[in-house]
Amino acid sequence: MSRREIVLLVSRAIALLQLIAALIDAFLYLPQQAFVLSQQLHLQSRFPSNDHLMSPMFWIGPALSIVRIVVLLLIAALFWNCGPMIERWLLPTGSTRPDEII
């Protein structure tokens, strides 16, 4: 197996780990935060005179979860394609020929 193939396997493994983390966030944490946000919106609609119930801080959690999911998916796509930049990161610095057989 050549070094290039090993780098490809490692980069694909990293991509799969990032994809799993994004799916966990999308299916576990994001629905939970959406539920909490919907409860806060429901409380605000029932008690409109109480303005301090719906703070802008309640929007930060779902927004950051969405940003995190998008970033994890971008990282997964970057590592899945395993371009020359990823090869330079993962190959040892002393390697002169990336295609030599180990």
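All residue numbers here refer to positions counted from 1 along the written sequence of the relevant chain. Only residues with pLDDT of at least 70 are given local features in this predicted model, and only at 80 or more are side-chain atom pairs given and counted; all residues enter the totals for whole chains, interfaces and linings. In computing side-chain values, all of the structure's heavy atoms are included and hydrogens and water are not.

Caption draft 1: Region of the structure containing the overall build of the protein. Put simply, DSSP marks the helices as runs of H or I at least four residues long and the strands as runs of E at least two long, and each gets a number from the N terminus on. When helices and strands are tallied, the protein shows three helices and zero strands. Going from N to C terminus, the protein has its helices and strands arranged as α-α-α. The buried share of the protein, reckoned over its 102 residues, is 20%. For the protein, the share of sequence-separated contacts (at least 6 apart) that also reach a separation of at least 24 residues comes to 75%. Accessible area of the protein: about 7500 Å², with a carbon and sulfur share of 70%. The cut-offs for exposure are 20% and 50% of the maximum accessible area for each residue type, with area from a 1.4 Å probe on protein chains only; residues under the lower value are buried, those over the upper are exposed, and the others partly exposed. Residue contacts follow a heavy-atom distance rule, with two residues in contact if any of their heavy atoms lie within 4.5 Å. In short, Shrake-Rupley with a 1.4 Å probe defines the accessible areas, and a residue's cover is counted only from the protein chains shown.

Caption draft 2: Summary view of the confidence of the model for the protein. The share of residues in the protein with pLDDT of 70 or more is 85%, and the mean pLDDT across the chain is 83. Element-level pLDDT for the protein is lowest in helix H3 (residues 84–90), with a mean of 81, against a maximum mean of 91 in helix H2 (residues 57–81). Confidence per residue, as judged by the predictor, is encoded in pLDDT with a range of 0 to 100.

Caption draft 3: Highlighting H2. Expected span of a helix: the number of residues minus one, times 1.5 Å. For H2, spanning 25 residues, the distance from its first C-alpha to its last is 37 Å, which sits close to the expected 36 Å at 1.5 Å a residue. Residues of H2 that are buried make contact with helix H1 (3–46) and H3. Backbone geometry just after H2 places Cys82 at a positive phi near 50°.

Caption draft 4: Just the side chain of Ser65, in detail. Turning to its location among the elements, Ser65 is positioned in helix H2. Filtering out sequence-adjacent residues up to four positions away, Ser65 remains in contact with Leu30 and Gln33.

Caption draft 5: Representation of the nonpolar core. Working definition of a nonpolar core: buried Ala, Val, Leu, Ile, Met, Phe, Trp, Tyr and Cys residues. They are joined through side-chain atoms within 4.5 Å. One finds Val7, Ala15, Ala76, Phe79, Cys82, Ile86 and Leu91 forming the largest nonpolar core, which totals seven residues. For this core, the secondary-structure elements that each account for two or more residues are H1 and H2. Once residues within four sequence positions are removed from consideration, Phe79 is found in contact with Ser11, Arg12, Ile14, Ala15, Ile86 and Trp89.

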